[in-house]
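Inside the fold
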Amino acid sequence: MSAPISHTPVTQFAVLDALLVGAYESGIGVGEVRALGDFGIGCVDHLGGEVIVLDGEVFECTVDAPPERMTDEQILPFVDVCPGPDASVEAVRDADLAALTAQVEAGLASRNLFHAVRLDGEFASVRGRVTPRQRHQFRPLADVTRSQIETVLEGVRGTVVGFWAPAIYQGITVAGLHMHFLAEDRRSGGHVLDVTVADAELRLSAHARFDLRLPTDPVFLSTELTHGEDHRIAVVEGGIGR
């Protein structure tokens with residue numbers, strides 16, 4: 001099954017390389033994010049957790065509380081968002097991360113397009129993380145993840161929300177698979193480091209439009225970004241899709 005190509009864009013605020021060097025002073029409002037789409041992933045202000053945009057609701061997953069719905073006034077320093085995948089359903093069963101990645105990549109319309117990835121069902125295990133809120137001076141993302149809180153959920157129902165991005169965009173975003181998880185009971189969630197699918201439904205949609213919005217705060221404007229930190233992405237993001 002090849003993913004249908006949508007005419008709607010994947011919209012992103014900020015770039016991953018800015019987070020890697022600690023330039024995440026500002027953000028985009030949750031209300032504006034919701035106007036751009038009902039499906040996506042991001043991070044909480046000051047890197048204080050992980051964000052899931054699912055069916056038009058925006059949830060924050062933090063270190064000290066179950067996932068909570070965010071208000072339109074809250075700020076996200078990084079987010080990818082689009083209309084949810086409107087595609088045929090394909091079964092995924094008894095698949096570890098490598099098998100899931102292979103199945104997703106077999107369904108890509110092109111390795112040069114962005115793809116929204118949604119999985120609904122039962123997961124044998126999900127290893128996830130959330131990061132603690134940062135204070136000034138903001139630390140680079142790789143330093144923040146050294147104090148991340150990891151959890152392992154077993155036999156849990158929920159939804160994986162994510163994107164597959166082309167290799168050429170590494171540093172702008174996360175190349176390959178970048179996924180977050182939200183439990184069906186809304187009691188747990190976070191960035192996916194590893195996953196084993198028991199029985200789930202996969203939806204994929206391809207997007208030939210990528211709209212990038214950049215911060216304009218003084219720290220971002222005065223921090224020259226290069227690809228010098230891109231080697232850290234696989235470590236920071238758990239090696240998903242590599």
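Our structure is the block above this text.
Below: a short report on this structure. (Residues numbered from 1 in each chain as written. Predicted model: local features only at pLDDT ≥ 70, side-chain atom pairs only at ≥ 80, totals over all residues. Heavy atoms only, no water.)

1. Quick word on the overall build of the protein chain
Note the cut-off: Secondary structure elements are taken from DSSP: a helix is a run of H or I of four residues or more, a strand is a run of E of two residues or more, and numbering for both begins at the N terminus. For every residue, the accessible area obtained with a 1.4 Å probe (protein chains only) is divided by the maximum for its type, and the residue is called buried under 20%, exposed over 50%, and partly exposed between those limits. Residue contacts follow a heavy-atom distance rule, with two residues in contact if any of their heavy atoms lie within 4.5 Å. The method behind every accessible area is Shrake-Rupley, applied with a 1.4 Å probe, and residues are considered shielded solely by the protein chains displayed.
For the protein chain, the helix and strand inventory stands at six helices and 15 strands. Going through the 242 residues of the protein chain one by one, you find that 53% of them count as buried. For the protein chain, the share of sequence-separated contacts (at least 6 apart) that also reach a separation of at least 24 residues comes to 79%. Accessible area for the protein chain stands at about 10,300 Å²; split by element, carbon and sulfur atoms hold 48% of it.

2. Re the sheet that holds strand β6 (residues 57–62)
Quick note on the threshold: In short, DSSP must find at least two bridges between two strands for them to pair. The axes used here are C-alpha line fits, helices contributing only the stretch in contact, and every angle between their N-to-C directions lies in the interval 0 to 180 degrees.
Strands sit in the order β7-β6-β5-β4-β9-β2-β15 across an open sheet of seven strands; the sheet is mixed. Strands at the two margins of the open sheet, each flanked by one partner only, are β7 (65–69) and β15 (210–213). With strand direction ignored, the average angle separating the axes of adjacent strands in the sheet is 15°.

3. Some thoughts on the pairing of β6
Of the strand pairs in this sheet, strand β5 (residues 50–54) and β6 are connected by five bridges, and their pairing is antiparallel. The partner of leucine 54 across the bridge, within β6, is glutamate 57. Linking two consecutive strands that pair antiparallel, namely β5 and β6, is a turn of two residues; a positive phi of about 55° is found at aspartate 55 within it. Relative to β7, β6 runs antiparallel, the two being bridged by three bridges. Bridging across to β7, phenylalanine 59 finds its partner in arginine 69. Between β6 and the antiparallel strand that follows it, β7, lie two residues.

4. A word on the pattern of salt bridges
Threshold: By definition here, a salt bridge exists when the distance from a side-chain nitrogen of Lys or Arg to a carboxyl oxygen of Asp or Glu is within 4 Å.
Across all of its chains, the model carries 13 salt bridges by this definition. Where arginine 118 meets aspartate 55, a salt bridge forms, and the shortest distance between an N and an O atom there is 3.0 Å. Of the two residues, arginine 118 sits in strand β11 (residues 114–130) while aspartate 55 sits in the loop between β5 and β6, which places them 63 residues apart along the sequence. Given a relative accessible area of 15%, arginine 118 falls into the buried group. As a salt-bridge pair, arginine 69 and glutamate 57 come within 2.6 Å of each other at their nearest N and O atoms. Here arginine 69 is found in strand β7, whereas its partner glutamate 57 is found in strand β6, with twelve residues between them in sequence. Here arginine 69 falls in the exposed class, since its relative accessible area comes to 52%. Taking relative accessible area as the criterion, glutamate 57 reaches 28% and is therefore assigned partly exposed. Through salt bridges with shared partners, a single ionic network connects Asp55, Arg118, Asp120, Glu201 and Arg203.

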